[in-house]
Amino acid sequence: MQFASINDVTIHYQVIGAPADRPVIVFTNSLGTDFRIWRDVVVRLAGEFAIVLYDKRGHGLSDVGQLPSSIEDHATDLAGLLDLLSVKDAVICGLSVGGLIAQSLYHRRPDLVRALILCDTAHKIGTAESWNARIAAVEKNGIGSIVDAIMERWFTPAFRRPENTAYAGYCNMLTRQPVEGYLAACAAIRDADFTEIAKTITVPTICIVGDQDGSTPPDLVLSTAKLISGARYEVISDCAHIPCVEQPEALTAIIRAFLTSIPPGEVSAHE
């Protein structure tokens, strides 16, 4: 396991190398998960691309850090990690809150971003009322009290079968996240609005969404794609909010095709 101290926060990360002329993909995970959600995509891309995975603050094996924390704090953490690894011009693949972090990173450190893959995310996610209600529920009764409602957004009914042991595992992943870190991320999402920043994005961008996403529905993701000049838009069938778990083959194919379509020279090598 690899750890780094970034902005006085211990960050858990992993680097998977590739030939020097291959681009770097940085995966930023969703609320209530750690970077293991990307496994079935990473195993399909390893060797083709250099890969950076990390647990954002308050999740997985990373520190919670000083509270409160904002999306900008998360972006500063990611920038610090990429600086530490001497990575520039990376492809940032952000899922849900990870997509907000990706947009913020582009705004703050455009030198680090060569392209954006925005999965099941938006320029603004949810309302203050919805996030405050979730925060209150978790503060009163713990993360376990919201598992069923969250899983209905994360996964399709076909995935949420009792006999699907993977489903039970992802319920465990959610409930075992640090409560303070989860609540801080909920508040950060609540307070984030990247509507104007999305309009300034000029790097190659693709917005991807599951057709049954209950957290960032297709219409919302499409509205984000329309804000970004030249952004592409793809819908994954039979999928909800976590395509890297539910439809990894389809997501990998879209990522690979997107990166292949970027003209030579637009994606820089891992330095």
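If you're wondering where the values come from, they're calculated on a predicted model, not measured in any experiment.

Residue position: Thr-28 is located in strand E3 (residues 24-28). Those residues within four positions of Thr-28 in sequence are excluded, and the remaining contacts are Trp-38, Tyr-54, Leu-78, Ile-92, Cys-93, Gly-94, Leu-95, Gly-98 and Ile-101.

A few words now on the confidence of the model for the protein chain. Chain-level statistics for the protein chain give a pLDDT mean of 95 and a share of 97% at 70 or above. Across residues 266-271 the pLDDT falls below 50, and counting only partners more than four positions away or on other chains, this stretch makes 23 contacts in the model.

A separate point is the packing of aromatic side chains. When we look at a pair of aromatic rings, we describe it by the centre distance and by the angle of the planes. Tallying each qualifying case throughout the model produces 5 aromatic pairs. The interplanar angle of 85 degrees and the centroid separation of 6.0 Å between the aromatic rings of Trp-154 and Phe-155 together place this pair among those described as edge-to-face. When sorted by exposure, Trp-154 lands in the same class as Phe-155, which is buried. Between Phe-155 and Tyr-170, the aromatic rings sit 5.8 Å apart at their centres with planes inclined by 55 degrees, giving tilted as the arrangement. Here Tyr-170 lies in helix H6 (residues 165-175) and Phe-155 lies in the loop between helix H5 (147-154) and H6, a separation of 15 residues in the sequence. Accessibility classification places Phe-155 together with Tyr-170 in one group, the buried group.

Once that is clear, we can look at unusual backbone geometry. Residue Leu-67 is joined to Pro-68 through a cis peptide bond whose omega torsion reads -5 degrees. Considering the arrangement of structural elements, one finds Pro-68 in the loop between strand E4 (50-54) and helix H2 (71-84). A positive phi angle, close to 65 degrees, is found at Asp-8, a residue other than glycine. Examined against the element boundaries, Asp-8 turns out to sit in the loop between strand E1 (2-6) and strand E2 (9-16). Of note in the backbone geometry, Asp-238 takes a positive phi value of approximately 55 degrees without being a glycine.

The subject of this paragraph is the pattern of salt bridges. The final tally for this structure, using the stated rule, is 11 salt bridges. Residue Asp-34 is joined to Arg-36 by a salt bridge in which the shortest nitrogen-to-oxygen separation is 2.7 Å. Its relative accessible area of 55% is what places Arg-36 among the exposed residues. The salt bridge involving Lys-199 is made with Glu-196; its shortest N-O contact spans 3.2 Å. Among the residues examined, Lys-199 registers a relative accessible area of 44% and is labelled partly exposed.

Moving on, we get to the state of the cysteines. Evaluation of the coordinates by the stated rule reveals 0 disulfides. Free cysteine: Cys-119, not disulfide-bonded; nearest cysteine sulfur from Cys-93 at 4.0 Å. Here Cys-207 stays unpaired: no disulfide links it, and the sulfur of Cys-119, its closest cysteine neighbor, is 9.2 Å away. Taking relative accessible area as the criterion, Cys-207 reaches 1% and is therefore assigned buried.

Thresholds, definitions, all that
Residues numbered from 1 in each chain as written. Predicted model: local features only at pLDDT ≥ 70, side-chain atom pairs only at ≥ 80, totals over all residues. Heavy atoms only, no water. Helix = DSSP H or I, 4+ residues; strand = E, 2+ residues; numbered from the N terminus. Contact = heavy atoms within 4.5 Å. pLDDT = per-residue confidence, 0-100. Phe/Tyr/Trp six-rings, centres within 6.5 Å; stacked < 30°, edge-to-face > 60°. Buried < 20%, exposed > 50% of the residue type's maximum accessible area, 1.4 Å probe, protein only. Salt bridge = Lys/Arg side-chain N within 4 Å of Asp/Glu carboxyl O. Disulfide = S-S within 2.5 Å.

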